[in-house]
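# Architecture at a glance
Each chain, letter by letter, is given below.
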Amino acid sequence: MMETTRGSVIENAMRRSVVIFSALACLAALCAAAVYFARPDLLASLSAKGDTPAAQNSAAAAKTLPDEDKAFYAELDAIAAKGRAAAVTAHIQKNTREKPRLLAVSLDWARDNSVGQQDLQKLNGYYYMLYSDLAFMASQAFKISGMDAEYKDMVRTSFASLLAFDLLAATDALRCKDTSAREVRGHLVKPRYALLDDAFDYLAPEDTYRLFFTVSRAENAMAGRPPNKELCADGAIGKMALLNDPGTRRVDVDSPDMPGVKRTVLVPASDFKFTPEYVTDTEWQEARTRMRAAVHESWIQRQMNHNVRKSQSAPAPAAGTNGTTP
């Protein structure tokens, strides 16, 4: 019953548009926006090449390659089986850079492994962030294509998935004995919330509050999930172990919150292993209850801040009027 509830309450808020293929040719224009999509510990930012055949093909041509889609989906499954969302995301970045049409199957995979994941033992909150990032990229393709309804739908989808990641990351981090893991979330969600601030304009106030409640209820249905090993390993202790591993590589990538600025990240060897420590389940559940309330309040404050910014940027009424509409 818990699994069915979790899937149903959040799936309705995060639908993949059925016309995604019609906008894929526009991905070549998204290099400037793409720097925001990578996690700070990934290999490279996603940037579609304009000279790729996929970027020039029509939607009908893209649909003639189901075998390639199936093969790519299977590749993502195989990488995910090794346990790192970071590796999955890096693989998506590399392949969608070369073949932008693979964004569609990447969206399917990210959806299936986040909002569509019915097995709590396989749940990884980072896949909600991946789904949010890919949906945002798709929204920009629709925007360039002039497909306003699809653009807004994808923005709402991206926003809903970001909310889910935010709450999962906030509560999962409390499970790590290494308390520095709690700092990971802020660096990840801040630039993404900035990109998706317009989502509030595409949701009625009552729908926004309903979405907040839906995501909160979904996380509550996931209370029996296992610890997020990857998130806990992103704390200071895990990073120190990674730094001291002889197979670790240093790679310069674009900073997600400062376009044009590079930062150095650590890329683990394929055989790198680190097992973080966790607090007891009783400790976690007590802390989780408080954090859920705090994150929910932060969402309401974020919406209020958006409304204030919007009112401050609105043009002043013309002289001689009271600013009202007759």
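Reading the values: rules and limits
Residues numbered from 1 in each chain as written. Predicted model: local features only at pLDDT ≥ 70, side-chain atom pairs only at ≥ 80, totals over all residues. Heavy atoms only, no water. Axes fitted to C-alpha atoms, helices over the stretch in contact; angles between N-to-C directions. Helix = DSSP H or I, 4+ residues; strand = E, 2+ residues; numbered from the N terminus. Parallel < 35°, antiparallel > 145°, perpendicular 65-115°, else oblique. Left-handed = near helix turned anticlockwise from the far one by under 90°. Contact = heavy atoms within 4.5 Å. Nonpolar A, V, L, I, M, F, W, Y, C, P; charged D, E, K, R; others polar. Core = buried A, V, L, I, M, F, W, Y, C linked by side-chain atoms within 4.5 Å. Buried < 20%, exposed > 50% of the residue type's maximum accessible area, 1.4 Å probe, protein only. Expected span 1.5 Å × (residues − 1). pLDDT = per-residue confidence, 0-100. Salt bridge = Lys/Arg side-chain N within 4 Å of Asp/Glu carboxyl O. Disulfide = S-S within 2.5 Å. Phe/Tyr/Trp six-rings, centres within 6.5 Å; stacked < 30°, edge-to-face > 60°.

## Details of the packing of helix α11 (residues 205-221) against helix α14 (residues 281-313)
Running from N to C, α11 and α14 point in directions that differ by 160 degrees, and their axes come no closer than 11 Å. Comparing the axis directions of α11 and α14 gives the class roughly antiparallel. Where α11 crosses over α14, the handedness of that crossing is right-handed. Each of Pro205, Thr208, Tyr209, Phe212, Phe213, Val215, Ser216, Glu219 and Asn220 in α11 lies in contact with α14, whose residues at this interface are Arg288, Arg292, His296, Trp299, Ile300 and Gln303. Residue classes in the contact of α11 with α14 are distributed as 7 nonpolar, 5 polar and 3 charged.

## What to know about the nonpolar core
By size, the foremost hydrophobic cluster in this structure holds 60 residues, and its most contacted members are Val88, Phe159 and Phe165. Broken down by secondary-structure element, the contributors of at least two residues to this core are α5 (66-80), α6 (85-98), α7 (103-112), α8 (126-145), α9 (148-173), α10 (184-195), α11 and α14. A total of 14 residues in this core trace back to one element, the largest contributor, which is α9.

## Topic: α11
Along its 17 residues, α11 runs 25 Å from first to last C-alpha, staying within 8% of the 24 Å computed at 1.5 Å per residue. Buried within α11 we find Thr208, Leu211, Phe212, Thr214, Val215, Ser216, Ala218, Glu219 and Ala221.

## Some words on the confidence of the model for the protein
The share of residues in the protein with pLDDT of 70 or more is 71%, and the mean pLDDT across the chain is 77. Here helix α2 (residues 31-34) stands out as the least confident element of the protein, with mean pLDDT 29; α9 is the most confident, with 95. Across residues 1-65, confidence stays below pLDDT 50; counting only partners more than four residues off in sequence or on other chains, it has 176 contacts. In the predicted structure, residues 320-326 sits below a pLDDT of 50 and forms 1 contact with residues beyond four places in sequence or in another chain.

## Considerations on the pattern of salt bridges
According to the stated counting rule, one finds 19 salt bridges in the structure shown. Notably, a salt bridge pairs lysine 152 with aspartate 148, separated by 3.2 Å at the nearest N-O pair. One end of the pair, lysine 152, and the other, aspartate 148, are both in helix α9, 4 residues apart, so they sit about a helical turn from each other. Take lysine 152: its relative accessible area is 26%, and that puts it in the partly exposed class. By relative accessible area, aspartate 148 is classed as partly exposed at 42%. Linked through salt bridges whose partners overlap, the residues forming this network are Asp172, Glu219, Arg225, Arg288 and Arg292.

## Remarks on the packing of α5 against α6
Interhelical geometry of α5 versus α6 gives an angle of 150 degrees and a closest axis separation of 9 Å. Compared by their axis directions, α5 and α6 come out roughly antiparallel. α5 and α6 meet at a crossing whose hand is right-handed. Within the contact between the two elements, α5 uses Phe72, Glu75, Leu76, Ile79 and Ala80 and α6 uses Ala87, Val88, His91, Ile92 and Asn95. Class assignment for the residues of the contact of α5 with α6 results in 7 nonpolar, 2 polar and 1 charged.

## Some details on the state of the cysteines
Summed over all chains, the structure comprises 1 disulfide. Each sulfur in the disulfide pair cysteine 176 and cysteine 232 lies 2.0 Å from the other. In this structure the cystine formed by cysteine 176 and cysteine 232 twists about its S-S bond by roughly -80 degrees; its chirality is therefore left-handed. Separated by 56 residues along the polypeptide, cysteine 176 in the loop between α9 and α10 and cysteine 232 in helix α12 (residues 229-233) bring together distant segments of the chain. With respect to class, cysteine 176 is no different from cysteine 232; both count as buried.

## Observations concerning the packing of aromatic side chains
In this structure the tally under the stated criterion is 7 aromatic pairs. Between the aromatic rings of tryptophan 109 and tyrosine 127, the centroid separation amounts to 5.0 Å while the plane-to-plane angle is 85 degrees, which identifies the pairing as edge-to-face. Separated by 18 residues along the polypeptide, tryptophan 109 in helix α7 and tyrosine 127 in helix α8 bring together distant segments of the chain. The residues tryptophan 109 and tyrosine 127 share a single accessibility class, namely buried. Residues tyrosine 151 and tyrosine 202 carry aromatic rings whose centres are separated by 5.9 Å and whose planes lie at 70 degrees to one another, so their mutual orientation is edge-to-face. Here the residue tyrosine 151 occupies a position in helix α9, and tyrosine 202 occupies one in the loop between α10 and α11, the gap between them amounting to 51 residues.

## With respect to α6
With 14 residues, α6 ought to run about 20 Å at 1.5 Å a step, and its terminal C-alpha atoms sit 20 Å apart, in line with that. Those residues of α6 hidden inside the fold are in contact with α5, α7, α8 and α12.

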